[in-house]
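# Understanding the architecture of this molecule
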Amino acid sequence: MPEGAIQQKVIAWGLLYALCLFVSFYFEFFFLTLIPLLGMVVIMTIFRMHWTFYLIAFVTPLSIDLSELDIDGIGLIIPTELLLMGLFLLSLWQFVWGRKLYFKHPLLWWIAIYFSWMLITSMTSEDPLVSFKYVIARAWFIVPCFLLLVPLFEKFVVPEKLYRLYFMTLLVAIVYTIIRHSMHGFDKDSAHWVMEPLFKDHTVYGAALALVFPFVVLQLFSRKHNPLLRFFYLFGSVVLTAGLILSYTRAAWLSVIFAAGIGLLMIFKIPFKWVLLVGLIIGGTTTVYWDDIQISLNRNKKESSDKMDEHIKSISNVSSDASNLERLNRWNCAIAMFNERPVVGWGPGMYQFVYAPFQRAQDKTIISTNRGDGGNAHSEFLGPLSEQGLLGMLIYIAFVLMVMFMGFRVYASVQEYEEKLVVMGLFLGLVTYFAHGFLNNFLDSDKIAVPFWMAISYLVHKEWVIKKGIA
């Protein structure tokens, strides 16, 4: 584009923005100041869509959930959900006009089954309106960050840059949290809320840190980074580790350890089918001897504490630790809800609205609420079981297994050293969340869903490229 034309466009945008500023302040319609910015984002999305994905990755860690600020009951995460909704509408427009996806992968069939079953169970839901809203919210995470993004990796989007941009602003959130935490002596109680309003609580904060931890650490071993980038990752890994420890999120700590174990298996070229077989044997043995294991766990009286050693030991305390007991309460509610509606469940997104009557007196803790307004099922497996029936849980299990097999396959197929670091870093980040899925569920949070689906989209792209014989 000629230099004169560029200058004319810049001047035109500047005059429009000045006009919007004047009108907005004169009439006190302050939202008008956003119109030129929104216009620029729309144009960028249409003509440079990959820039929009970079922008989404950059702003997500610093996004704000308006519902947490009690702003007239508005449940919107800004600016992330606004950008994702725009991409979602654009994707619908492309599909309507016949633009076909030019990649084929089994996960596409999974997405079709996943949304089809959610729509069916929404129609039979306890509150269909809530369930349909839940399905739409899931769609504007999955459709843009998966369906639209996969083809862009071929020419336009660099995965390292995508995650680096996410990590840059995540570092800002970590430093902000650590500074606020230091004002309270780094105690455990304040660790639950010092990350607000950027993160809802310490559990989703810890999950986000764990999700990027493998990528950041593995980038320390890259041979292509210049000194500045090397320093960035070294400094970032130190701050990230400190943030992860100070989050007091036991599930996040366990997930990182679990991912490290999976990473070693990948390095030693152990096929995932053998990993799965060992996992099934361990799971079966645990089931057979569960009564003896439970008796042993009940002997642990260590509760969560400011002291790290006691906090770690409290992970297996199911006799007196309120956090662990409340999680068991939610799980028991999910199973009871499934027993009452085993086929279609209570509807997507409905757990938090209907679990209260299913609480048993012996399961309640000091943090339980009679109104049942304490949140979700704290499990990516039992949540779908209670909301979408047995098939809902099986669909999620199939998804986890598909991604695990894919991650091992792609890592084994990639030959280039730097590419292996990226593939392993992104995949092990997903592994931390799959481990988290046994204890929490956060895929309705942009802080987790955006990097989660972006990582999966890149692995799908790599496998698609490998199958085509390009790599």
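Residues numbered from 1 in each chain as written. Predicted model: local features only at pLDDT ≥ 70, side-chain atom pairs only at ≥ 80, totals over all residues. Heavy atoms only, no water.

## Thoughts on the packing of helix H17 (residues 417-436) against helix H18 (residues 446-468)
Applicable threshold: Orientation is described by axes fitted as lines to C-alpha atoms, over the contacting stretch for helices, and by angles from 0 to 180 degrees between their N-to-C directions. The helix count covers DSSP runs of H or I at least four residues long, the strand count covers runs of E at least two residues long, and both are numbered beginning at the N terminus. For classification purposes, an angle smaller than 35 degrees is called roughly parallel, one larger than 145 roughly antiparallel, one from 65 to 115 roughly perpendicular, and anything else oblique. Left-handed describes a crossing whose near helix is turned anticlockwise from the far helix through less than a right angle; right-handed describes the clockwise counterpart. We call two residues in contact when some of their heavy atoms are within 4.5 Å. Three classes are used, and their members are as follows: Ala, Val, Leu, Ile, Met, Phe, Trp, Tyr, Cys and Pro are nonpolar, Asp, Glu, Lys and Arg are charged, and the others, Gly among them, are polar.
Contact geometry for H17 and H18: axes closest at 10 Å, N-to-C directions at 135°. Accordingly, the angle class assigned to the pair H17 and H18 is oblique. When you trace H17 past H18, the crossing you get is left-handed. Between H17 and H18, the residues in contact are Glu419, Val422, Val423, Leu426, Phe427, Leu430, Tyr433 and Phe434 and Ile448, Phe452, Ala455, Ile456, Tyr458, Leu459 and Lys462, respectively. Classifying every residue of the contact of H17 with H18 gives 13 nonpolar, no polar and two charged.

## Things to note about the packing of helix H8 (residues 202-219) against H17
Taken N-terminus to C-terminus, the directions of H8 and H17 make an angle of 155°; their axes are 7 Å apart at the nearest point. With respect to their mutual orientation, H8 and H17 come out roughly antiparallel. In this structure, H8 crosses over H17, and the sense of that crossing is right-handed. Together, Thr203, Ala207, Ala210, Leu211, Pro214, Phe215, Leu218 and Gln219 of H8 and Leu421, Val422, Met424, Gly425, Leu426, Leu428, Gly429, Thr432, Tyr433 and His436 of H17 make up the contact between the two elements. When grouped by side-chain class, the residues that make up the contact of H8 with H17 number twelve nonpolar, six polar and no charged.

## Re empty space enclosed by the protein
As a reminder of what qualifies: In the cavity and pocket records, a cavity denotes points on a 1 Å grid over the protein atoms alone where a 1.4 Å probe fits but cannot get out, a pocket denotes an open set with protein on both sides within 12 Å along at least 5 of 7 lines, and lining residues are residues with an atom within 4 Å of a point. Grid points are joined across faces, edges and corners, and a volume is the space filled by probe spheres set on the points.
For the structure on display, the rule yields one cavity of 30 Å³ or more. For the largest cavity, the calculated volume is near 40 Å³. Thr177, Ile178, His181, Ala191, Val194, Met195, Tyr205, Gly243, Leu246 and Ser247 together form the lining of the largest cavity. Contributions of two or more residues to the lining of the largest cavity are made by helix H7 (159-182) and helix H9 (227-246). In terms of residues, the lining of the largest cavity owes the most to one element, H7, which gives three residues.

## Here we look at the packing of aromatic side chains
Just so we agree on the cut-off: Centres within 6.5 Å make a pair out of two Phe, Tyr or Trp rings, where for Trp the six-membered ring is used; the pair is then stacked when the planes are under 30 degrees apart, edge-to-face when over 60, and tilted otherwise. Any Lys NZ or Arg CZ that is within 6 Å of a ring centre and within 35 degrees of that ring's normal is treated as a charge sitting over the ring.
One pass over the full model with this rule turns up 26 aromatic pairs. An aromatic cluster of three or more residues is present, and its members are Trp110, Tyr114, Phe115, Phe146, Phe381, Tyr396, Phe399, Tyr433, Phe434, Phe438, Phe452 and Trp453. Residue placement shows Lys420 over the ring face of Tyr411; its charged tip is 3.9 Å from the ring centre. Cation over ring: Lys447 sits above Phe199, and NZ or CZ is 4.9 Å from the ring centre.

## Points about the environment of Asn226
For clarity, the threshold we go by: Each residue gets one of three labels from its accessible area relative to the maximum for its type: buried under 20%, exposed over 50%, partly exposed in between, using a 1.4 Å probe on protein chains only. Any N or O atom pair separated by 3.5 Å or less is treated as a polar contact, with the protein-specific requirement of one donor-capable and one acceptor-capable atom, and with residues adjacent in sequence counted only for side-chain atom pairs.
Considering the arrangement of structural elements, one finds Asn226 in the loop between H8 and H9. Relative accessible area serves as the criterion here: at 42%, Asn226 is assigned to the partly exposed category. At 2.7 Å, the side chain of Asn226 and the backbone nitrogen of Leu229 are in polar contact.

## Structural notes on the pattern of salt bridges
Which entries qualify depends on this criterion: Only one rule defines a salt bridge in this text: a Lys or Arg side-chain nitrogen within 4 Å of an Asp or Glu carboxyl oxygen.
For the coordinates displayed, the defined rule picks out six salt bridges. When the shortest N-O distance is used, the salt bridge between Arg341 and Glu126 registers 2.7 Å. Residue Arg341 is found in the loop between helix H14 (322-340) and helix H15 (351-354), and its partner Glu126 is found in the loop between helix H5 (106-123) and helix H6 (128-152); the two are separated by 215 residues along the sequence. Judged by its relative accessible area of 25%, Arg341 is partly exposed. Glu126 gets classed as partly exposed once you look at its relative accessible area, which sits at 42%. Between Asp363 and Arg360 there is a salt bridge; the shortest N-O distance is 2.7 Å.

## As for the nonpolar core
Note that soluble globular proteins tend to have their nonpolar side chains buried in a common cluster. Rules: Think of a nonpolar core as a cluster: buried Ala, Val, Leu, Ile, Met, Phe, Trp, Tyr and Cys residues, connected wherever their side-chain atoms sit within 4.5 Å.
Core analysis: the biggest nonpolar cluster contains 126 residues, and Phe146, Phe399, Phe452, Trp453 and Ile456 have the highest contact counts within it. Considering each element in turn, this core owes the most residues, 14 residues, to H6. Here Ile456 is in contact with Leu107, Phe146, Phe399, Val403, Met406 and Leu430, once residues within four sequence places are set aside.

## With respect to helix H16 (residues 382-413)
Selection criterion: Expected helix span is taken as 1.5 Å per residue step, with the number of steps being one fewer than the number of residues. What we call the bend at a residue is the angle made by axes fitted to the seven residues finishing there and the seven residues starting there.
With 32 residues, H16 ought to run about 46 Å at 1.5 Å a step, yet its terminal C-alpha atoms sit only 34 Å apart, falling short of that. Considering bend angle alone, the principal kink of H16 is centred on Gln388 and spans about 145°.

## A closer look at H14
A rise of 1.5 Å per residue sets the reference length of H14, with its 19 residues, at 27 Å; its end C-alpha atoms lie 27 Å apart and thus fit the reference within 8%. Turning to H14, its buried residues number three or more, namely Ala322, Asn324, Glu326, Arg327, Asn329, Arg330, Trp331, Cys333, Ala334, Met337 and Phe338. The secondary structure elements touched by the buried residues of H14 are helix H10 (250-267), H15 and H16.

## Some remarks on a nonpolar patch on the surface
To keep things clear, this is the line we draw: Two distance rules govern patches: like charges are joined within 9 Å, and nonpolar side chains (Val, Leu, Ile, Met, Phe, Trp, Tyr) within 5 Å, applied only to residues with over 30% relative accessible area and no salt bridge. Only the protein chains shown count as cover for residues, and all accessible areas are computed by the Shrake-Rupley method using a 1.4 Å probe.
A surface patch of nonpolar side chains, about 710 Å² in accessible area, is lined by Leu264, Ile267, Phe268, Ile270, Trp274, Leu277 and Ile281. For the nonpolar patch, the elements supplying multiple residues, two or more each, are H10 and helix H11 (272-288). If one sorts the elements of the nonpolar patch by residue count, H11 sits on top with three residues. Tracing the backbone shows Leu264 in helix H10. Residue Leu264 is classed as partly exposed on the basis of its relative accessible area of 48%.

Any functional reading would require information that these geometric values do not contain.
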